[in-house]
Amino acid sequence: MMLIVLAITGATVYVAENNLRSNQARLLNAQFQNQVRSLLAVQDLRSGAVAEKCRDVSRSVRLRAALEEKDVDDLYRNALPELQEVFSPREPDANDGDQKVRASFFRFVDVNGEVLSAGDQPAGDADPRSLAQALEPISLKPRNHDEQNVAFIAIGRGNDPAVLRQIVLTKIHGWEGNDLGALVLGFPIKQTQTPDGGGAEIKSGLWLNHQFYIAGLSAADRHLVAQRVQVGLNQSAAGNFLVDLETGPHLLFYKALHSEVAPAYDVCLYPLAPWLREARTLRWRIIALGALVLICGFGASLVLAKNLSKPVDQIVATSAENVTRRKKAEKDLHEVNRELEKALIELKATQQQVIQQERLSALGQMAAGIAHDFNNTLMPILGFADVLLQNEAMLDDKAETRRCLEMLRTSAKDASSVVSRLREFYRPADSDEEFPIVDLAKLVEQAVALTEPKWRGLTQARGITVDVQTDFKAYPIVAGDESALREVLTNLLFNAVDAMPRGGRVLLETSIENERAVIRVADTGTGMTETVRRRCVEPFFSTKGEHGTGLGLSMVYGIVERHRGQLEIQSAVGKGTTFIIRLPLAQEIPAAQSNGEVVAKSNSALSVLVVDDEARSREVLMAYLRTDNHSVATASSGREALEKFRLRHFDLVVMDRAMPEMSGEQTARFIKQVNHNIPVILLTGFSGQIDADGAKPAAVDVVLNKPITLDVLRHTIRKLVHAT
């Protein structure tokens, strides 16, 4: 207990001092930033008030004439009335109501950068020799600068801020645009020394041209501060650090000021003596409180030890008489421990299964939301491909164009199948599910062709070579979903390419082994460790960082399981990876098989109302229906659809399910109340959700999942409207 109290006391002292130090640093930094903002505000005030005036003066006809004729007396005499608003040779009185910022001197320089002497004219407080020496290092030749520049200079000796001036240099051009010289205005810089909250004096100054201008510091302290500031400036434009001066420790803040010629920094010294006294007082208070708690804890521990010793003595006395009983209890305890370990192993296995099921359930919920937006995006691609394919007058009968559009349509259907499979991720295999007949060798060729832009084009662009080869030892026929199995091969090919950052070879092989169709996808990539190999089919597990989602191999595993197949992974680090897929062979091959029934175009034109809040979906449906010569009216909401339905007769209504304000089901109920005989087709992007909720809505005749094809829409309309 005493050790605990001691540790708590020490931690409290440490945390309290750190909090006090950070609070003090924040307070001082805020104070310094306010001072810098004030100085920058003065600079902005000067620049705003002076910039335009200086430009007006630089365009003065009399001044330009005097500069061209090099009449210096006339130049300064004419400049005095021009500069009376921004120049004052005397310091403003504290009681003076005029709060404008005024220059303390002005000078003209010629085209060679030489300062023109003001002579007897009252041009300000700057000695000509000191001013020339101060301006010389800055290289004030007008041709070396922009139209107007700002800088800081020192026009006297010593390190007092009073010798500093902020100068504004404005170029003067002749009538032909040539440089005549420049006007230099000098403004005094006021650095204040204010007391902080503890009564200590805060010193501020300026760092300019490797010189530190500050009042109230000894030579040794000034030299030390100059060295530390020089080191800090080499690292950043603003910051703070601790420095020990003769008067005690100080916290020094510095920050760069706006200076277009020579860099200048505002510097402030904050004394830390008051803070140290406060920290010392707080430390002793905490230590005193900890000592008091320690004494109380020591007394309490003595009382507890005395009271606890009695039952301990009784236990020791009794244990001498029960050695045999204790040994038997230890043996029973070992047996129970073994049983508990066995139960724990079984519990962990069960827990992993539950976690896997929960993870897949969460993924299924996520996929239902993804399906809506993804299907709405796919619908224009698939829809306009159908319109172009079945209206060949628009294509000028170009075979190559038709072939490309067919590939586009196939890719869009595959993407739609991916969305459907995402919602049913890792769905248990349905023994009653029927699949069409699929040629695995043809699927391999299609997958290689579809992925060629990545494994050939992108890899060659990076300067590497990936060789994809096929070896058809047999041409197995299986029952399966063509687009799903093609997606399996596509994912495996992409993974193989990603696993070969320096290039390599991918081999796709088909064969028949033990009355089962076998596909092998082998690469010569980096391979996987045993841990990665075991986890690679888990959802969201990825070794690609932000470049991977962790869903590719999980989807592959789910599709293979749904086809009542097996997925085997063989891999070793540095030796590549081989994916082996085993699927049951098809029992029989139908005599004729088609990928999809082509429904003939209807000759009976209908008046159709299309309702969808997505403009692209409305356009696709309009194109579908107008291809079959139907008359089409559109509405973007349920309310608009009801208004049009009351004003006009329609033979058919096609509407989206998810719409703002009024859903498709609600709109269908109102339409059926007006005309209960009109057919209503409901489209939904949430694949399978209506089936999960129950039967289709009562006011809807047919529910179709997005994206739909032209053939499906024709077939549905034929069943609803043209059935005999």
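Just above sits the structure.
All figures in this text were calculated on a predicted structure; none of them were measured in a lab. Sequence order sets the numbering: in each chain, residues are counted from 1 along the sequence as written. Under the rules for a predicted model, residues below a pLDDT of 70 receive no local features and side-chain atom pairs below 80 are neither given nor counted, while totals for whole chains, interfaces and linings still include all residues. Side-chain measures were taken over the full set of non-hydrogen atoms in the model, leaving aside hydrogen atoms and water.

Draft legend 1. Layout of the packing of aromatic side chains. Whether two aromatic rings pair depends on their centres lying within 6.5 Å, for rings of Phe, Tyr and Trp, where Trp uses its six-membered ring; planes under 30 degrees apart make the pair stacked, over 60 edge-to-face, and the rest tilted. The tally for this structure, following the rule as stated, stands at six aromatic pairs. Seen in terms of ring centroids, Tyr76 and Phe106 are 5.6 Å apart; in terms of plane orientation they differ by 35°. Their pairing is tilted. Taken as a pair, Tyr76 in helix α3 (residues 72-82) and Phe106 in strand β1 (residues 105-110) lie far apart in primary sequence, 30 residues in all. Phe106 carries the same exposure label as Tyr76, and that label is buried. Strands here are runs of E lasting at least two residues and helices are runs of H or I lasting at least four, both read from the DSSP assignment and numbered beginning at the N terminus. Three labels apply to residues, based on accessible area from a 1.4 Å probe with only protein chains included: buried if under 20% of the type maximum, exposed if over 50%, partly exposed otherwise in between.

Draft legend 2. Inspection of helix α2 (residues 61-69) at higher detail. Of the residues making up α2, those classed as buried are Leu63, Arg64, Ala66 and Leu67. Buried residues of α2 fall within an arc of 160° about the axis and therefore sit on the same side. Facing away from the buried surface of α2 by more than 90 degrees, the exposed residues are Val61 and Glu69. In the segment just after α2, Lys70 is the residue with positive phi, at about 55°. Arc definition: it is the arc formed by the directions from the helix axis to the C-beta atoms.

Draft legend 3. The arrangement of the pairing of strand β18 (residues 576-584) in detail. Of all nine residues in β18, seven are buried; the element is thus mostly enclosed. Pairs of strands are assigned from DSSP output, requiring at least two bridges between the strands. Summarising the sheet, strand β16 (residues 516-523) and β18 pair through seven bridges and their orientation is antiparallel. Bridging from a neighbouring strand, Arg520 pairs with Ile580 of β18. Note that strand β17 (residues 566-572) and β18 share seven bridges and pair antiparallel. From the neighbouring strand, Gln566 faces β18, where its bridge partner is Arg582. Between the end of β17 and the start of β18, which pair antiparallel, lie three residues, with Gly574 showing a positive phi angle near 85°.

Draft legend 4. Structural context of a negative patch on the surface. What goes into a patch is any residue over 30% in relative accessible area without a salt bridge, connected to like charges within 9 Å or, for nonpolar side chains (Val, Leu, Ile, Met, Phe, Trp, Tyr), within 5 Å. Throughout, the Shrake-Rupley method with a 1.4 Å probe supplies accessible areas, and for residues the shown protein chains are the sole cover considered. Salt bridge, as applied in this entry: a Lys or Arg side-chain nitrogen positioned within 4 Å of an Asp or Glu carboxyl oxygen. Counting rule for charge: Lys and Arg are taken as positive, Asp and Glu as negative, and neither His nor the chain ends is counted. Positions of charges follow a simple convention, taking NZ of Lys, CZ of Arg, CG of Asp or CD of Glu. Where like charges cluster on the molecular surface, the negative patch consists of Glu68, Glu69, Asp71, Asp73, Asp120 and Glu176. Along the polypeptide, Glu69 turns up in helix α2.

Draft legend 5. Layout of the sheet that holds strand β2 (residues 115-116). The sheet built from five strands is open, its strands ordered β2-β1-β5-β4-β3 with antiparallel pairing. A single partner strand is all that each edge strand has here, and the edge strands are β2 and β3 (148-154). Sheet analysis places β1 next to β2, joined by two bridges and oriented antiparallel. The residue of β2 that forms the bridge with Val109 is Val115. Taken strand by strand, α3 contacts β1 and β2, and its axis lies near 140° from that of β1. Contacts were defined at the residue level, with two residues in contact if any of their heavy atoms lie within 4.5 Å. To get an axis, a line is fitted to the C-alpha atoms, and for a helix only the part in contact is used. The angle between two axes follows their N-to-C directions and goes from 0 to 180 degrees.

Draft legend 6. Region of interest: the side chain of Thr490. With respect to the element layout, Thr490 can be found in helix α11 (residues 482-498). At a separation of 2.8 Å, a polar atom in the side chain of Thr490 contacts the main-chain carbonyl oxygen of Arg486. Sequence-distant contacts of Thr490, that is, excluding residues within four places in its chain, are made with Ala447 and Thr451. As used in this structure description, the phrase polar contact means that two N or O atoms lie within 3.5 Å; if the pair is within protein, one of them must be able to donate a hydrogen and the other to accept it, and residues adjacent in sequence are counted only when both atoms belong to side chains.

Draft legend 7. Quick peek at the environment of Tyr14. Here Tyr14 is to be found in helix α1 (residues 2-58). Overall, Tyr14 belongs to the exposed group, its relative accessible area being 56%. Separated by 269 residues in sequence, Tyr14 and Arg283 place their C-alpha atoms 8.8 Å apart.

Draft legend 8. Quick peek at the sheet that holds β16. The five strands are arranged β13-β15-β16-β18-β17 in an open sheet whose pairing can be described as mixed. Bordering the open sheet on either side are β13 (466-472) and β17, each of which pairs with just one other strand. Ignoring which end each strand starts from, the neighbouring axes of this sheet average 15° apart. With seven bridges joining them, β13 and strand β15 (residues 504-513) adopt parallel strand pairing. When the bridges of β15 are listed, Thr470 appears paired with Leu508.

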